[in-house]
Amino acid sequence: MERKDEYFTIYSDPDSQFLVCQATEDYAPIEDFKKTFEFMVPIVEKGGIGKIIFDKRSLRVFHQPSMDWYYTAWKLQLLALGLSVHRKILPDLPYFAKAVEAGKQDIAKNHPDFPFDKIDVQYFDLIEDCIAN
């Protein structure tokens, strides 16, 4: 299965239990971001997907409103469907990693009931490592 648009490529192997979302541009407007991630929900609903891999290496712009929605709406929706495993690959940009960490702190402050402890998020440098872990 594969889907490409202007900002993202989504793919998985039919026999795999993971879904990969790969950013292909340095920035994605929030509506396109939401549309892409909402596309994955019915795939997860069908079952068989146990892990989402988000490859952000092409991104150069961090957008906090997108991250807020990604956590407080989308990840909660997937958690309700039984998917809690998320693997990520960040761009090799120190400021981006710092922005992600600050964004998580902001979400924790503004959403004190967010179940961070129920969502398994780990960061790796390669898709192969995301798949293996």
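Look up: the structure comes first, before these words.
Nothing here was measured: the structure is a model prediction, and the numbers come from that model.

Observations concerning the pairing of strand S4 (residues 51–55)
By the criterion of burial, S4 is predominantly enclosed, with 5 of the 5 residues buried. Of the pairings in the sheet, the one linking strand S3 (residues 18–23) to S4 comprises 5 bridges and is parallel in character. When the sheet's bridge partners are listed, Leu 19 is paired in S4 with Ile 52. For the handedness criterion, the β-α-β arrangement of S3, helix H1 (residues 30–46) and S4 is classed as right-handed.

Looking at the packing of helix H2 (residues 64–80) against helix H3 (residues 94–110)
Pairs of packed helices are described in terms of their axes, by the angle between the two and the distance that separates them. Packing of H2 against H3 brings their axes to within 10 Å, and their N-to-C directions diverge by 55 degrees. Comparing their axes, H3 and H2 come out oblique. In the crossing of H2 with H3, the sense of the turn from one axis to the other is right-handed. Packed against H2, whose contacting residues are Gln 64, Met 67, Asp 68, Tyr 71 and Thr 72, the element H3 presents Val 100, Gly 103, Lys 104, Asp 106 and Ile 107 at the interface. A class-by-class count of the residues in the contact of H2 with H3 yields 4 nonpolar, 3 polar and 3 charged.

Observations regarding the packing of aromatic side chains
Taken as a whole, this structure holds 17 aromatic pairs when the rule is applied. Pairing Phe 33 with Phe 54 gives two aromatic rings, centres 6.2 Å apart and planes at 50 degrees, and the pair type is tilted. A residue pair is termed long-range when its members are at least 10 positions apart, and Phe 33 in helix H1 and Phe 54 in strand S4 qualify at 21 residues. A residue is classified by how much of its surface remains accessible, and Phe 33, at 8% relative accessible area, is buried. Plain terms: the ring middles of Phe 54 and Tyr 70 are 5.7 Å apart, the flat faces sit at 55 degrees to each other, and that makes the pair tilted. Linking Phe 54 in strand S4 with Tyr 70 in helix H2, this pair joins segments that are 16 residues apart in sequence.

Some words on the nonpolar core
Within soluble globular proteins, side chains that are nonpolar generally end up buried alongside one another. Within the largest apolar cluster, 29 residues are counted, with the highest numbers of intra-cluster contacts made by Phe 8, Phe 37, Met 40, Ile 52, Tyr 70 and Trp 74. Elements supplying a minimum of two residues to this core: strand S2 (8–11), S3, H1, S4, H2 and H3. Once residues within four sequence positions are removed from consideration, Phe 37 is found in contact with Phe 8, Cys 21, Phe 54, Trp 69, Tyr 70 and Trp 74. Counting 7 residues, the second-largest nonpolar core is a separate cluster that includes Val 20, Ile 53, Ile 127 and Cys 130.

Parameters at a glance
- Residues numbered from 1 in each chain as written.
- Predicted model: local features only at pLDDT ≥ 70, side-chain atom pairs only at ≥ 80, totals over all residues.
- Heavy atoms only, no water.
- Buried < 20%, exposed > 50% of the residue type's maximum accessible area, 1.4 Å probe, protein only.
- Helix = DSSP H or I, 4+ residues; strand = E, 2+ residues; numbered from the N terminus.
- Pairing = 2+ DSSP bridges.
- Right-handed = clockwise from strand over helix to strand, strands pointing away.
- Axes fitted to C-alpha atoms, helices over the stretch in contact; angles between N-to-C directions.
- Parallel < 35°, antiparallel > 145°, perpendicular 65-115°, else oblique.
- Left-handed = near helix turned anticlockwise from the far one by under 90°.
- Contact = heavy atoms within 4.5 Å.
- Nonpolar A, V, L, I, M, F, W, Y, C, P; charged D, E, K, R; others polar.
- Phe/Tyr/Trp six-rings, centres within 6.5 Å; stacked < 30°, edge-to-face > 60°.
- Core = buried A, V, L, I, M, F, W, Y, C linked by side-chain atoms within 4.5 Å.

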